[in-house]
Amino acid sequence: MRIRFSPFAPVVILLALLGCARGPCVTIVGADGKPRATVAVEVANTGTQRELGLMYRKHLDENAGMIFVFPDAAHRDFWMHNTPISLDLIFADATARVMGIVANAEPFSDKLVGVEGDSEYVLEVNGGFCAKNAIKAGDRFDFSGFSPHTSE
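The sections below set out a description of the structure shown in this document. Within any chain, residue numbers begin from 1 and follow the written order of that chain's sequence. For this predicted model, a pLDDT threshold of at least 70 governs which residues receive local features, and a threshold of 80 or more governs which side-chain atom pairs are given and counted, while totals over whole chains, interfaces and linings are taken from all residues. Each side-chain value is worked out from all heavy atoms of the structure, with water and hydrogens disregarded.

### Section: the overall build of the protein chain
From N to C terminus, the protein chain includes three helices and nine strands. Where helices and strands are cited, they refer to DSSP runs of H or I of at least four residues and of E of at least two residues respectively, numbered from the N terminus. When the helices and strands of the protein chain are placed in sequence order, the string is α-β-β-α-β-β-β-β-β-β-α-β. Split into buried and exposed, the 152 residues of the protein chain put 41% on the buried side. For the protein chain, the accessible area works out to roughly 8,600 Å², and carbon and sulfur atoms hold 57% of it. Buried means the residue's accessible area, taken with a 1.4 Å probe over protein chains only, is under 20% of the maximum for its type, while exposed means over 50%, and partly exposed covers the values in between. Using a 1.4 Å probe, accessible areas were evaluated by the Shrake-Rupley method; residue-level cover was limited to the displayed protein chains.

### Side note on unusual backbone geometry
At Asn104, a residue that is not glycine, the phi angle is positive and equals roughly 50°. Mapped onto the fold, Asn104 is located in strand 6 (residues 98–105).

### Quick word on the sheet that holds strand 8 (residues 119–126)
With respect to topology, seven strands assemble into an open sheet ordered 6-5-8-3-2-1-9, the strand pairing being mixed. Looking along the sheet, the strands with just one partner apiece sit at the ends: strand 6 and strand 9 (140–144). Here the average twist between neighbouring strands, direction ignored, is 30°. When strand 5 (residues 87–92) meets strand 8, the two strands line up antiparallel, connected through six bridges. Within the sheet, the bridge partner assigned to Leu89 lies in strand 8 and is Glu124. Strand pairing is assigned whenever DSSP identifies at least 2 bridges connecting the two strands. The convention used is that axes are lines fitted to C-alpha atoms, helices contributing only their stretch in contact, and that angles between N-to-C directions extend from 0 to 180 degrees.

Structural data, given as structure tokens:
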């Protein structure tokens with residue numbers, strides 16, 4: 001079996017690594033094995049960090065976000081209480097495979113939003129990020145610069 005790489009693959013990989021040089025990152029990889037986007041993340045891996053999330057933030061840099069790391073896979077619902085910016089929420093299972101996306105979650109809403117199935121990871125990014133980067137169910141997360149396990 002022979003694997004073919006695009007001539008741009010080394011450039012994409014280098015840019016992803018450089019973007020992560022300063023801290024933890026999640027690269028979202030398509031089913032075809034090609035990186036779709038790399039996100040510099042804050043890691044929420046304790047109950048207190050997950051509870052606060054991105055509430056009260058008025059700005060989130062492009063290609064930045066927060067990865068919620070849970071101790072196990074379970075059905076997860078989120079709300080946008082006290083969150084003034086629109087977010088895309090990307091839900092992934094225990095194998096880091098994207099199960100579904102809640103796009104452009106409404107700021108300040110107390111409505112619970114989630115996807116079908118059990119998620120162990122949820123990545124929050126700016127609203128519209130998934131459409132812009134063609135992210136969809138079946139993609140997967142590659143973690144770098146942090147352990148994708150809870151500290152609890």
